[in-house]
Amino acid sequence: MAVTDAEPATTGPAALIARLRARLTGGSSEASLTRRLAGTIFIIRVISAGLAYVSQVLLARWMGTSDYGIYVYVWTWVLLLGSMMDFGISASAQKIIPEYRASGEQALLRGFLSGSRWLTFAVSTLVSLALAGIVRLLSPWIDPAEELPLYIGCMTLPAFVVANTQDGIARSHDWMQLGLMPQFIIRQGLIIGITSAAFLLGYHLGAIAAMVASAGAVWIAMTGQMVVLNRKLADHIEPGPKTYDIGGWLAVSLPILLVESFYLLLSYTDVLVLQQFRPSDEVGVYFAVVKTLALVSFIHYAMSATTAHRFAEYNASGDKARLSAYVAHAISWTFWPSLAATIVLLALGKPLLWLFGPQFVTGYDIMFVAAIGLVVRSAIGPVERLLNMLGQQKICALAYALAFVMNLVLCIALVPRYGGHGAAAATSISLTFETVLLFWIVRQRLGLHVLAFGK
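All of these numbers come straight from a predicted model, not from anything done at the bench. (Residues numbered from 1 in each chain as written. Predicted model: local features only at pLDDT ≥ 70, side-chain atom pairs only at ≥ 80, totals over all residues. Heavy atoms only, no water.)

A complete count under the given rule lists 9 aromatic pairs for this structure. For the ring pair Phe335 and Trp336, a centre distance of 4.7 Å and an interplane angle of 70° mean the geometry is edge-to-face. Through a chain of ring-to-ring contacts, the aromatic side chains of Phe112, Tyr244 and Trp249 assemble into a single cluster. Note that Lys232 overlies the ring of Trp175, its terminal NZ or CZ placed 4.9 Å from the centroid. (Phe/Tyr/Trp six-rings, centres within 6.5 Å; stacked < 30°, edge-to-face > 60°. Lys NZ or Arg CZ within 6 Å of the ring centre and 35° of its normal.)

Have a look at this one:
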């Protein structure tokens, strides 16, 4: 797949805009479409980051560092568990749906589009009830201030899981706005609206109130997304009989679930371990640092969300040359924007952290340590999705498992003494190890060069 970009010879702002437009829309149709879709996802995530930043700044100022730290702790559990309780179906949808379409298996396709959501909702509801029971059993050993927020978190999980499943279905049809906006923009907007209304009405805005607002936002956004998705699917898929191959879905999804689970554990271990060894106010500062650097991760996420189902499609068609060129394109458009975003964020780090409150500026040094792992990881692009889509889920899961274990051990070793600096160092070292391992696996298993530079 050749990507060619013509640059006008003129100078000035008009020429700069023309070059940027050519860069984004030029080249082959696949490259151009990928950049447009990835750009859409990135813009959604940037807007979401802005809304999340506003909500986190407001909550941090209204709640104080202690209540804010509890809220961050509970919400981290919701993000972690909610992202794992769909059996990996939100990710495997990008493999299953293109394959059903390519083979013309319409009954199986219709069955998956409805059955996957009912399956994840039913199981996540049962698991959430079990988790609430565990919270009850452990209540003598849980901080009383955390107990009710944890129960509210359990109530949030089923809607969170179904929203993730619908996101995977929407992305498999290139409906990026439908997949992402309910979770990342509408949900954040609702959290800001509900908490602001409570504050203005004079209610005490502690961890409990913040979790109630977050739970309501998740359920409302998921329900609206479901209504719109059902309408679009009705226009896109002809009605007919449905076949439910639950065993087949799980055979594809469970290995991907291992990959996603270990990645999420790797992503959230630092915050969870920090909560066990350091005061809640330190957790709040560290979380502010993570939120500030989130823009770098959004670029990687945008390319992963855009490319995964095309990796599966090109592999299913047997077009290896097209697949190889598409992979190289995805890696390049992950690394260089990530590097640029990191430089900008580090330059503006202090004023961005100050928005949370003057005390949060103490986390500025941590940003430099945490940024190392994100930049290194971006150098190989979305190769974990490539491995998942090409049937290499198990070896990919093993790589993530090893990186998670390394991160956990390093966090336990470093956090008690070095706090947020130790958590950031542990995560960066683990991400670097994971990057090297994935590069080697792709080279050995698929024979592809997956580094943004070199041959």
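On we go.
This paragraph deals with the packing of helix H5 (residues 144-172) against helix H6 (residues 176-200). Contact pair H5 / H6: the axes reach a minimum separation of 6 Å and the direction vectors enclose 145°. Across from Phe160, Ala163, Asn164, Asp167, Ala170 and Arg171 in H5, the residues of H6 making contact are Met176, Leu178, Gly179, Leu180, Gln183 and Arg187. For the contact of H5 with H6, a count of residues per class yields 6 nonpolar, 3 polar and 3 charged. (Axes fitted to C-alpha atoms, helices over the stretch in contact; angles between N-to-C directions. Helix = DSSP H or I, 4+ residues; strand = E, 2+ residues; numbered from the N terminus. Contact = heavy atoms within 4.5 Å. Nonpolar A, V, L, I, M, F, W, Y, C, P; charged D, E, K, R; others polar.)

Counted as a void, the second largest pocket has a volume near 320 Å³. For the second largest pocket, the lining is made up of 17 residues, of which Tyr73, Trp77, Leu81, Val135 and Leu150 are closest to its centre. Contributing elements (two or more residues each) for the lining of the second largest pocket: helix H2 (29-84), helix H4 (106-137) and H5. For the lining of the second largest pocket, the class distribution of residues is 14 nonpolar, 1 polar and 2 charged. (1 Å grid on protein atoms, 1.4 Å probe; cavity = no way out; pocket = protein on both sides within 12 Å on 5 of 7 lines; lining within 4 Å. Points joined across faces, edges and corners; volume = space filled by probe spheres on them.)

What follows covers the side chain of Arg117. In this structure, Arg117 sits in helix H4. Look at Arg117: it is buried, it has no salt bridge, and the nearest opposite charge is Asp86 at 12 Å. The residues contacting Arg117, other than those within four sequence positions of it, are Val162, Thr165, Gln166, Ile169, Met226, Leu229, Asn230 and Leu233. (Buried < 20%, exposed > 50% of the residue type's maximum accessible area, 1.4 Å probe, protein only. Lys, Arg positive; Asp, Glu negative; His and termini not counted. Salt bridge = Lys/Arg side-chain N within 4 Å of Asp/Glu carboxyl O.)

In this structure, Phe87 takes a positive phi of about 65° despite not being glycine. Mapped onto the secondary structure, Phe87 falls in the loop between H2 and helix H3 (89-103).

Once that is clear, we can look at the confidence of the model for the protein chain. Within the protein chain, residue pLDDT values average 83, and 90% of them lie at 70 or more. Averaged pLDDT values for the elements of the protein chain fall to 48 in helix H1 (residues 13-25) and rise to 94 in H4. The model gives residues 1-13 a pLDDT under 50, and that stretch makes 25 contacts with residues more than four places away or in other chains. (pLDDT = per-residue confidence, 0-100.)

This part is about empty space enclosed by the protein. According to the stated counting rule, one finds 1 cavity of 30 Å³ or more in the structure shown. There is about 40 Å³ of room inside the largest cavity. What lines the largest cavity is Ala163, Pro182, Gln183, Arg187, Val218, Ala221 and Met222. Those elements that place two or more of their residues in the lining of the largest cavity are H6 and helix H7 (207-236). Split by residue class, the lining of the largest cavity holds 5 nonpolar, 1 polar and 1 charged.

Looking now at the environment of Gln183. When you line up the elements, Gln183 lands in helix H6. Residue classification places Gln183 among the buried residues on the basis of a relative accessible area of 5%. Taking C-alpha positions, Gln183 is 7.5 Å from Met222, a pair spaced 39 residues apart along the chain. One polar contact links Gln183 to Asp167, side chain to side chain, over a distance of 3.5 Å. (Polar contact = N/O pair within 3.5 Å; in protein donor to acceptor, adjacent residues only side chain to side chain.)

We now examine the packing of helix H13 (residues 364-378) against helix H15 (residues 393-446). Two elements in contact, H13 and H15, have axes separated by 8 Å at closest approach and are oriented at 10°. Viewed along their axes, H13 and H15 adopt a mutual orientation that is roughly parallel. For the pair H13 and H15, the contacting residues are Asp365, Ile366, Val369, Ala370, Ile372, Gly373, Leu374, Val376 and Arg377 in the first and Gly420, His421, Ala424, Ala425, Ser428, Leu431, Thr432, Glu434 and Thr435 in the second. Of the residues contributing to the contact of H13 with H15, the split by class is 9 nonpolar, 6 polar and 3 charged. (Parallel < 35°, antiparallel > 145°, perpendicular 65-115°, else oblique.)

Counted under the stated rule, the structure contains 4 salt bridges. Across the pair Glu282 and Arg278 runs a salt bridge whose closest N-O atoms are separated by 3.0 Å. Under the relative-accessibility criterion, Arg278 is labelled partly exposed at 22%.

So, about the side chain of Ser128. For Ser128, the location among the structural elements is in helix H4. Excluding anything up to four places from it in sequence, Ser128 contacts Met85, Cys154, Leu157 and Pro158.

Moving on to the environment of Ala452. With respect to the helices, strands and loops of the structure, Ala452 is situated in the segment after H15. Considering only alpha carbons, one finds Ala452 and Ser332, 120 residues apart in sequence, at a separation of 5.2 Å. With residues near it in sequence (within four places) discarded, Ala452 still touches Ile331, Phe335, Trp336 and Ala379.

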